[in-house]
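Structural overview
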Amino acid sequence: VQLVESGGGLVQPGGSLRLSCAASGFTFSRYSMSWYRQAPGKDRELVATITSVGGSTNYADSVKGRFTISRDNAKNTVYLQMNSLKPEDTAVYYCYVRTTWYDYWGQGTQVTVSS
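Summarised in this report is the structure supplied together with it.

What counts, and at which threshold
- Residues numbered from 1 in each chain as written.
- Predicted model: local features only at pLDDT ≥ 70, side-chain atom pairs only at ≥ 80, totals over all residues.
- Heavy atoms only, no water.
- Helix = DSSP H or I, 4+ residues; strand = E, 2+ residues; numbered from the N terminus.
- Contact = heavy atoms within 4.5 Å.
- Areas by Shrake-Rupley, 256 points an atom, 1.4 Å probe, with all protein chains shown as cover.
- Lys, Arg positive; Asp, Glu negative; His and termini not counted.
- Charge placed at Lys NZ, Arg CZ, Asp CG, Glu CD.
- Pairing = 2+ DSSP bridges.
- Axes fitted to C-alpha atoms, helices over the stretch in contact; angles between N-to-C directions.
- Phe/Tyr/Trp six-rings, centres within 6.5 Å; stacked < 30°, edge-to-face > 60°.
- Buried < 20%, exposed > 50% of the residue type's maximum accessible area, 1.4 Å probe, protein only.
- Lys NZ or Arg CZ within 6 Å of the ring centre and 35° of its normal.

Our focus in this paragraph is the overall build of the chain. From N to C terminus, the chain includes 0 helices and 11 strands. Traced from its N-terminal end to its C-terminal end, the chain shows the element sequence β-β-β-β-β-β-β-β-β-β-β. In the chain, the proportion of contacts linking residues at least 24 apart, taken out of those at least 6 apart, comes to 52%. For the chain, the exposed surface amounts to about 6100 Å²; the carbon and sulfur share of it is 46%. The chain carries 11 positive and 8 negative side-chain charges, and their two centres are separated by 5 Å.

Next comes the structure, spelled out in structure tokens:
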């Protein structure tokens, strides 16, 4: 199983970024997918989840109305559109999946929000 994140970078407050997570090695369409983040000195926290069927979504209160999670099962990819970014959104963002047997994490992509 591989989860490969991309799309992170440096952005000014109020700006936008779109993260992508390309998945392989498992039946992507069968599983819910999530994005987590970890800021320096803080615990890893759940940002957003999208279900496998129907695409129902859930968000952390801190990102509701600003972030949107989506998936393309034909491309085995999950996305995180992040708008109105704030300095407190600065963190390493990780893609995550819990399969029938194991939990898998991507390597992470750094998002820095700063002027």
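Taken in spatial order, the 4 strands make up an open sheet running S1-S3-S8-S7, and their pairing is antiparallel. Every interior strand has two partners, whereas the edge strands, strand S1 (2-6) and strand S7 (67-72), have only one. Taken pair by pair, the neighbouring strands of this sheet meet at an average axis angle of 15 degrees, ignoring direction. Where S1 meets strand S3 (residues 17-24), 5 bridges bridge the pair, whose relative direction is antiparallel.

What follows covers the packing of aromatic side chains. To describe a pair of aromatic rings, you give the distance between the ring centres and the angle between the ring planes. By the definition in use, this model includes 7 aromatic pairs. A centroid spacing of 6.3 Å and a plane angle of 50 degrees characterise the contact between Phe26 and Phe28, whose relative ring orientation is tilted. Each of the two residues, Phe26 as well as Phe28, counts as buried. In this structure, Arg44 packs its charged tip against the face of Trp105, placed 4.5 Å from the ring centre.

Burial analysis of strand S9 (residues 91-98) places 6 of its 8 residues in the buried class, which makes it a mostly covered element. Where strand S4 (residues 33-38) lies against S9, 6 bridges are found, and the strand directions are antiparallel. Considered in S9, the bridge of Met33 is made with Val97. The pairing of S9 with strand S11 (residues 109-113) spans 3 bridges and is antiparallel. Residue Tyr93 lies in a different strand from S11, and its bridge partner there is Thr109. Pairing analysis gives 3 bridges linking S9 to strand S10 (residues 103-105), with the strands arranged antiparallel. Bridging from a neighbouring strand, Arg98 pairs with Asp103 of S10. Where S9 folds back on S10, the antiparallel hairpin that results is connected by 4 residues.

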